[in-house]
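Given next are the chains, with one letter for each unit.
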Amino acid sequence: MTEKFTGSFTQQESIPAEGIAAANAVMQSGRLHRYNTSGDEIAEAALLEEEFAATVGSKYCLAVASGGYAMTTALRASGVKHGDKVLTNAFTLAPVPGAIAAVGGVPVFVGVTEDLLIDLDDLSTKLDQSKVLLLSHMRGHICDMERLIAMCDAAGVTVIEDCAHTMGAAWNGVPSGRWGRFGCYSTQTYKHINSGEGGFLICDGAEDMARAIMLSGSYMLFEKHRAAPPVETFAKIKYETPNISGRMDNLRAAILRPQLRNLAAQCEKWNARYRVLEKGLADTAGLRLIPRPEKEQFVASSFQFLLLDWEAASVGDVLTRCAARGVELKWFGGAEPKGFTSRYDSWRYAPSSPMPSSDRVLAGIVDMRLPLTFSLDDCAQLARIIRAEVSTVYQGQAVAE
Ligand SMILES: *Cc1c(COP(=O)(O)O)cnc(C)c1O
């Protein structure tokens, strides 16, 4: 009997009842726009920003329309101009190079290691090409942040963190997003809290946040923000900064506030699922698990492993066989970008030259979503199926050789 998995990889949990009630209250009020407050009412968006800043320990926070918007705003507020080069990961999601392109910047791709981290040796050879690094903690893998920051500080390179997969995570006790000048988060459905679309930008710099608030479209109503610098900070900035609307509305903020309160508990649930998969796949011949150092306090909302140096056709076999048993795996080595699995050479608007050691890693990355609607038993079953199919194909390969 071959078991088959029946769960849905794209099914997230429902919005908590408290969030639905709060959203209903906002809709009943009709005051969905964040600056549309009555009397001394405080907007949901402003409260959410204050709560998120407290959660990560930043001075300031701005709630925005998407994670991509948070990144473009951070790039603009950092002074990136048309034609400027911006360092970023070769292994990341399309909105990251897209954010650089949106401000007229030119991505300079930095390689990926077998541990799915930004290659700091490769970075060290490229630091002289740019003043800004948009660092993506892709799929929640966090590099040695002390080393990265020391390198960037020494080279005078500003770090902007893309924390789409690291909300709730930390490196050596310091929350992800608090290492760089800006931290950018997404609250899109497949991230750690879900408002359909949305995001946050955090920082400690008063002028940085004043610029970000003006950019987001504050219509000179910046005094209604709470996790924001004093109004004097805006005195000059308000005349110099264009309005590029990308605010978050009160409806999304209302949905997010109860989820944020529950974030730590959710992160534990993800990691419990991750550990079941990791255990179930340990010592599978041909399959490489990704090491997770002690300093990396990750949140595993997805699972990756490597089929390193496999023939493309054999990886394809594993994916097909797993799919037939209900297990949806994605591959970063395919010839064509599919779903969310594009990579640096798929983004043809950005110049790149081949990166052989990164190509070798990318060709082996297999990726799986891990929604919290999966139980621990589901994860054990997923591991059994993947293990069996990887083993079958791997043994077949060995025989063929
Ligand atoms: C989802 C994601 C983003 C931002 O996503 P939005 O859809 O713009 O909110 C940024 N970086 C990575 C790595 C992502 O996966």
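Residues numbered from 1 in each chain as written. Predicted model: local features only at pLDDT ≥ 70, side-chain atom pairs only at ≥ 80, totals over all residues. Heavy atoms only, no water.

Describing the overall build of the protein chain
Turning to step 1, where the next piece is worked out: Counting secondary structure elements, the protein chain contains 13 helices and 14 strands.
Turning to step 2, where the next piece is worked out: The C-alpha atoms of the protein chain give a radius of gyration of 22 Å, which matches the 21 Å a tight globule of 401 residues would have.
Turning to step 3, where the next piece is worked out: For the protein chain, the residues scored as buried account for 54% of the 401 residues in total.
Turning to step 4, where the next piece is worked out: A sequence separation of at least 24 residues applies to 72% of the contacts in the protein chain between residues at least 6 apart.
Turning to step 5, where the next piece is worked out: Distance between charge centres in the protein chain, computed from 40 positive and 46 negative side chains, equals 3 Å. (Helix = DSSP H or I, 4+ residues; strand = E, 2+ residues; numbered from the N terminus. Rg over C-alpha atoms; globule rule 2.2 N^0.38 Å. Buried < 20%, exposed > 50% of the residue type's maximum accessible area, 1.4 Å probe, protein only. Contact = heavy atoms within 4.5 Å. Lys, Arg positive; Asp, Glu negative; His and termini not counted. Charge placed at Lys NZ, Arg CZ, Asp CG, Glu CD.)

Side note on the nonpolar core
Side chains that are nonpolar tend, in soluble globular proteins, to be buried together.
Turning to step 1, where the next piece is worked out: Core analysis: the largest hydrophobic core is formed by 45 residues, its most contacted members being Phe 52, Leu 123, Leu 133, Met 145, Leu 148 and Phe 200.
Turning to step 2, where the next piece is worked out: Leave out the neighbours within four places in its chain, and Leu 123 touches Leu 87, Val 110, Leu 133, Leu 148, Met 151 and Cys 152.
Turning to step 3, where the next piece is worked out: Membership of the second largest hydrophobic core comes to 32 residues, among which are Met 71, Val 103, Ile 160 and Ile 213. (Core = buried A, V, L, I, M, F, W, Y, C linked by side-chain atoms within 4.5 Å.)

So, the site of the ligand
Turning to step 1, where the next piece is worked out: Near the ligand there are 16 residues, and of these Gly 68, Asp 162, His 165, Ser 186 and Lys 191 occur at the shortest range.
Turning to step 2, where the next piece is worked out: At 2.8 Å from an oxygen atom of the ligand is found a main-chain nitrogen or oxygen belonging to Gly 67.
Turning to step 3, where the next piece is worked out: Contact with the protein chains hides 92% of the accessible area of the ligand, taken as 380 Å² for the molecule alone.
Turning to step 4, where the next piece is worked out: For the shell around the ligand, the elements supplying multiple residues, two or more each, are α3 (67-77) and α4 (95-102).
Turning to step 5, where the next piece is worked out: Broken down by element, the shell around the ligand gets its largest block of residues, 3 residues, from α3. (Near = heavy atom within 4 Å. Polar contact = N/O pair within 3.5 Å; in protein donor to acceptor, adjacent residues only side chain to side chain. Areas by Shrake-Rupley, 256 points an atom, 1.4 Å probe, with all protein chains shown as cover.)

Section: α4
Turning to step 1, where the next piece is worked out: All of the buried residues in α4 are Val 96, Pro 97, Ala 99 and Ile 100. Considered in projection along α4, the buried side chains sweep an arc of 150° and stay on one side of the axis.
Turning to step 2, where the next piece is worked out: In the core, the buried residues of α4 are packed alongside α3, β2 (85-89), β3 (106-110), β4 (132-136) and β5 (158-162). (Arc of directions from axis to C-beta.)

Digging into the packing of aromatic side chains
Turning to step 1, where the next piece is worked out: Tallied over the full model, the rule gives 12 aromatic pairs.
Turning to step 2, where the next piece is worked out: Where Phe 91 meets Phe 332, the ring centres are 5.0 Å apart and the plane angle is 85°; that geometry is what we call edge-to-face. Here Phe 332 lies in the loop between β13 (330-331) and α12 (356-362) and Phe 91 lies in the loop between β2 and α4, a separation of 241 residues in the sequence.
Turning to step 3, where the next piece is worked out: In this structure Phe 332 comes out as buried when scored by relative accessible area, which is 1%.
Turning to step 4, where the next piece is worked out: In this structure, Arg 292 packs its charged tip against the face of Phe 298, placed 3.9 Å from the ring centre.
Turning to step 5, where the next piece is worked out: One residue, Arg 369, lies across the ring of Tyr 190, its end atom 4.0 Å from the ring centre. (Phe/Tyr/Trp six-rings, centres within 6.5 Å; stacked < 30°, edge-to-face > 60°. Lys NZ or Arg CZ within 6 Å of the ring centre and 35° of its normal.)

Considerations on the domain arrangement of the protein chain
Turning to step 1, where the next piece is worked out: Taken domain by domain, the protein chain comprises domain 1 (17-261) and domain 2 (263-400).
Turning to step 2, where the next piece is worked out: For domain 1 and domain 2, the distance between their C-alpha centroids amounts to 28 Å.
Turning to step 3, where the next piece is worked out: Taken together, the 42 residues of domain 1 in the interface contact 36 residues of domain 2.
Turning to step 4, where the next piece is worked out: Of the roughly 3,100 Å² buried where domain 1 meets domain 2, counting both sides, 62% is carbon and sulfur surface.
Turning to step 5, where the next piece is worked out: A per-residue breakdown of the area domain 1 buries against domain 2 is headed by Glu 114, Arg 139 and His 192, which together make up 21% of the total.
Turning to step 6, where the next piece is worked out: On the surface where domain 1 and domain 2 come into contact, there are 5 salt bridges.
Turning to step 7, where the next piece is worked out: Here Lys 295 and Glu 146 are joined by a salt bridge, their closest N and O atoms 3.5 Å apart.
Turning to step 8, where the next piece is worked out: At the surface where domain 1 touches domain 2, the tally comes to 18 residue pairs in polar contact (both at pLDDT 80 or more).
Turning to step 9, where the next piece is worked out: By residue number, the principal contributor to the side of domain 1 that touches domain 2 is β3, which donates 4 residues.
Turning to step 10, where the next piece is worked out: Its residues placed into classes, the side of domain 1 that touches domain 2 shows 21 nonpolar, 13 polar and 8 charged. (Domains from an automatic or database assignment. Buried area = accessible area lost by both parts, 1.4 Å probe. Salt bridge = Lys/Arg side-chain N within 4 Å of Asp/Glu carboxyl O. Nonpolar A, V, L, I, M, F, W, Y, C, P; charged D, E, K, R; others polar.)

A word on the pattern of salt bridges
Two side chains with opposite charge may pair up if their charged atoms get near one another.
Turning to step 1, where the next piece is worked out: A complete count under the given rule lists 26 salt bridges for this structure.
Turning to step 2, where the next piece is worked out: Across the salt bridge formed by Arg 31 and Glu 41, the nearest N and O atoms sit 3.0 Å from each other. Here the residue Arg 31 occupies a position in the loop between α1 (17-29) and α2 (44-56), and Glu 41 occupies one in the loop between α1 and α2, the gap between them amounting to 10 residues.
Turning to step 3, where the next piece is worked out: Given a relative accessible area of 34%, Glu 41 falls into the partly exposed group.
Turning to step 4, where the next piece is worked out: Linking Glu 389 and Arg 321 is a salt bridge whose minimum nitrogen-to-oxygen distance equals 2.6 Å. Taken together, the residues span a long stretch of sequence, with Glu 389 in helix α13 (residues 376-400) and Arg 321 in helix α11 (residues 312-324) at a distance of 68 residues.
Turning to step 5, where the next piece is worked out: Classification of Arg 321 by relative accessible area gives partly exposed; the value is 37%.

Here's the deal with the sheet that holds strand β14 (residues 365-369)
Turning to step 1, where the next piece is worked out: Read from one edge to the other, the open sheet built from 4 strands follows the order β10-β12-β14-β13, with strand pairing classed as antiparallel. The open sheet is flanked by β10 (288-289) and β13, the only strands paired with a single partner.
Turning to step 2, where the next piece is worked out: Both β13 and β14 contribute to a ladder of 2 bridges, which runs antiparallel. Bridging across to β14, Trp 331 finds its partner in Val 366.
Turning to step 3, where the next piece is worked out: Lying over the sheet, helix α10 (residues 263-281) contacts β10, β12 (302-306) and β14, oriented at roughly 20° with respect to β12. (Pairing = 2+ DSSP bridges. Axes fitted to C-alpha atoms, helices over the stretch in contact; angles between N-to-C directions.)

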